[in-house]
Amino acid sequence: MTIKIFGDAGSGSLRRVTTAAKIMGIEIERVNVDLFKGESQTEAFRSRLNPHGLTPVLEDGDFILYEAAAINLYLAGKVNSPLLGTTEKERLEVLQWMFWSGEQWRIFATTLFDERVGKTVMGLPQDEAVVAFAEGKMRAAAKVLDKHLEGRKFMVGQALTLADFDVAGPFSQIDRSRPPLRDYPNLMAWHDNLLQSVPEWAQTKAEVDHRIDSFLASVGVTL
Ligand SMILES: N[C@@H](CCC(=O)N[C@@H](CS)C(=O)NCC(=O)O)C(=O)O
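Residues numbered from 1 in each chain as written. Predicted model: local features only at pLDDT ≥ 70, side-chain atom pairs only at ≥ 80, totals over all residues. Heavy atoms only, no water.

### Points about the side chain of Thr161
Okay, so step 1: Assignment of secondary structure puts Thr161 in the loop between helix H6 (128–148) and helix H7 (162–168).
Okay, so step 2: Those residues in contact with Thr161, other than ones at most four positions away along the chain, are Pro82, Leu83, Gly85, Val94 and Val156. (Helix = DSSP H or I, 4+ residues; strand = E, 2+ residues; numbered from the N terminus. Contact = heavy atoms within 4.5 Å.)

### With respect to the nonpolar core
Okay, so step 1: Of all hydrophobic cores here, the largest spans 51 residues; its most connected members are Leu75, Trp105, Met155, Leu162, Leu187 and Trp190.
Okay, so step 2: Of all elements in the fold, only strand S1 (3–7), helix H1 (12–24), helix H3 (68–79), helix H4 (88–104), helix H5 (106–122), H6, H7 and helix H9 (185–197) reach the threshold of two or more residues within this core.
Okay, so step 3: If one sorts the elements of this core by residue count, H6 sits on top with six residues.
Okay, so step 4: Dropping the residues within four chain positions of it, Met155 is found in contact with Trp97, Leu145, His148, Leu149, Ala163, Asp164, Val167 and Trp190.
Okay, so step 5: Of all hydrophobic cores here, the second largest spans six residues; its members include Val208, Ile212, Phe215 and Leu216. (Core = buried A, V, L, I, M, F, W, Y, C linked by side-chain atoms within 4.5 Å. Buried < 20%, exposed > 50% of the residue type's maximum accessible area, 1.4 Å probe, protein only.)

### Quick notes on H4
Okay, so step 1: The first and last C-alpha atoms of H4 sit 24 Å apart over 17 residues, in line with the 24 Å expected at 1.5 Å per residue.
Okay, so step 2: Every buried residue belonging to H4 is among Glu90, Val94, Trp97, Met98 and Ser101, and all of these are buried. Across the axial projection of H4, the buried residues extend over an arc of 100°, all falling on one side. Opposite the packed face of H4, turned more than 90 degrees from it, sit the exposed residues Glu88, Lys89, Phe99 and Glu103.
Okay, so step 3: Buried residues along H4 sit in contact with H3, H5, H6 and H7. (Expected span 1.5 Å × (residues − 1). Arc of directions from axis to C-beta.)

### Topic: unusual backbone geometry
Okay, so step 1: Cis peptide bonds are those with omega within 30 degrees of zero, and the linkage from Thr55 to Pro56 qualifies with 5°.
Okay, so step 2: Counting through the fold element by element, Pro56 comes out in the loop between helix H2 (43–48) and strand S3 (57–60).
Okay, so step 3: One non-glycine residue, Asn80, lies in the positive phi region at around 45°.
Okay, so step 4: For Asn80, the position within the fold is in the loop between H3 and H4.
Okay, so step 5: According to the relative accessible area criterion, Asn80 is exposed, its value standing at 63%.

### Quick word on the site of the ligand
Okay, so step 1: With respect to spatial proximity, 13 residues lie near the ligand, and among them Arg16, Gln41, Thr55, Glu67 and Ala68 are the closest.
Okay, so step 2: Taking Gln41, its side chain carries an N or O atom lying 2.7 Å from an oxygen atom of the ligand.
Okay, so step 3: One nitrogen or oxygen atom from the side chain of Glu67 is found 2.7 Å from a nitrogen atom belonging to the ligand.
Okay, so step 4: Calculation on the ligand without its partners gives an accessible area of 520 Å², and the protein chains cover 73% of this total.
Okay, so step 5: Across the shell around the ligand, the residue classes break down as four nonpolar, six polar and three charged. (Near = heavy atom within 4 Å. Polar contact = N/O pair within 3.5 Å; in protein donor to acceptor, adjacent residues only side chain to side chain. Areas by Shrake-Rupley, 256 points an atom, 1.4 Å probe, with all protein chains shown as cover. Nonpolar A, V, L, I, M, F, W, Y, C, P; charged D, E, K, R; others polar.)

### A short note on the UniProt feature "domain: GST N-terminal" (unreviewed entry) in the protein chain
Okay, so step 1: When the UniProt feature table is mapped onto this chain numbering, "domain: GST N-terminal" (unreviewed entry) sits at residues 1–83.
Okay, so step 2: Regarding residues 1–83, the helix share stands at 37% and the strand share at 22%, and the terminal C-alpha atoms are separated by 24 Å. (UniProt positions renumbered as here; feature names shortened; annotations may be inferred.)

### A closer look at the pairing of S1
Okay, so step 1: Counting buried positions along S1 yields four of five residues, so the element is predominantly enclosed.
Okay, so step 2: Pairing of S1 with strand S2 (residues 28–32) involves five bridges; the strand directions are parallel. Counterpart to Ile5 in the pairing with S2 is Arg30.
Okay, so step 3: Tracing the backbone out of S1, into H1 and back to the parallel element S2 gives a crossover that is right-handed.
Okay, so step 4: The pairing of S1 with S3 spans three bridges and is classified as antiparallel. By the bridge assignment for S3, Phe6 is matched with Val57. (Pairing = 2+ DSSP bridges. Right-handed = clockwise from strand over helix to strand, strands pointing away.)

### What to know about H3
Okay, so step 1: The terminal C-alpha atoms of H3 lie 17 Å apart, and with 12 residues this matches the ideal 16 Å at 1.5 Å per residue to within 8%.
Okay, so step 2: Three or more residues of H3 are buried, namely Ala68, Ala69, Ile71, Asn72, Leu75 and Ala76. Each buried residue of H3 lies within a common arc of 160° when the element is viewed along its axis, so the set occupies one face.
Okay, so step 3: The elements touched by buried residues of H3 are S1, H1, S3, strand S4 (63–66), H4 and H7.

Listed below in C-alpha cells is the structure:
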C-alpha cells in the first residue's frame, strides 16, 4: 500500500517531507489539503488525521503520524537512510538539531509568516511587537548557526542529513515573511549550497514559491 502524505504544496513543512522522500526514493501519494481554504481545520481532518489541524500528515495503512520531523524519521528508518546520520554520534546530533529547530527556530519563522503574510491576506494589521520579538529570537539563533556553519557544507558531519532540511525550513518563505537571515553569511552560503547541490530541495522550492505566489496574485495581495 502506498504511503499517503497530506499537505499543501505551499507548505514549507510539507516540503521537508517531500524533499526527503524523493532523495530516499520512497514512493508517496500526495493528497492535497488546501490550507487557504482551511481544509486542515475541518472536523473530518482533525478527527481522523491531526487534532491540531496541521499538515503534513502521513498515513501508512492504519498508521497515522503528524509532525514533519517525525514523518521524516519514520520514512528514513524504513530504508535505513544515511539522512539519519551514519554513526551513533551523528544520529544524535541530527536529532539535536531537529528538536532544536522545532522549538527554537522554525516557530519564530512561522510567527513572521502569520504576521506578514497571513494577516496581510486577511486584511489585518501586523502586531509590530510580535514581529520584533520573533525577529529578535531568530537573530540570536542565526548568530549561533552562522558560527556553527563556518567552513561547513552541512549541519552534521560531511553529508546531507534530515537536520539540514529542518534547519533550512525558514528559507522556504524567505521572500514573503522576510525572516532576518540575510545578515548571516555562513548561514546563507550553507543554504545556497543546499539549493545548488540538492536538486530535490531546489525543485520543492519552486513548488512552494509557485503555489504561494499564485495564491497571493489570485487574491490581489502584494507583500
Ligand atoms: N511543527 C509542524 C508544523 C506544521 C505546520 O505549521 N503546518 C502548517 C503548514 S506549514 C499548517 O498545516 N497550517 C494549517 C493551519 O494553520 O490551518 C511540522 O513541522 O510538521
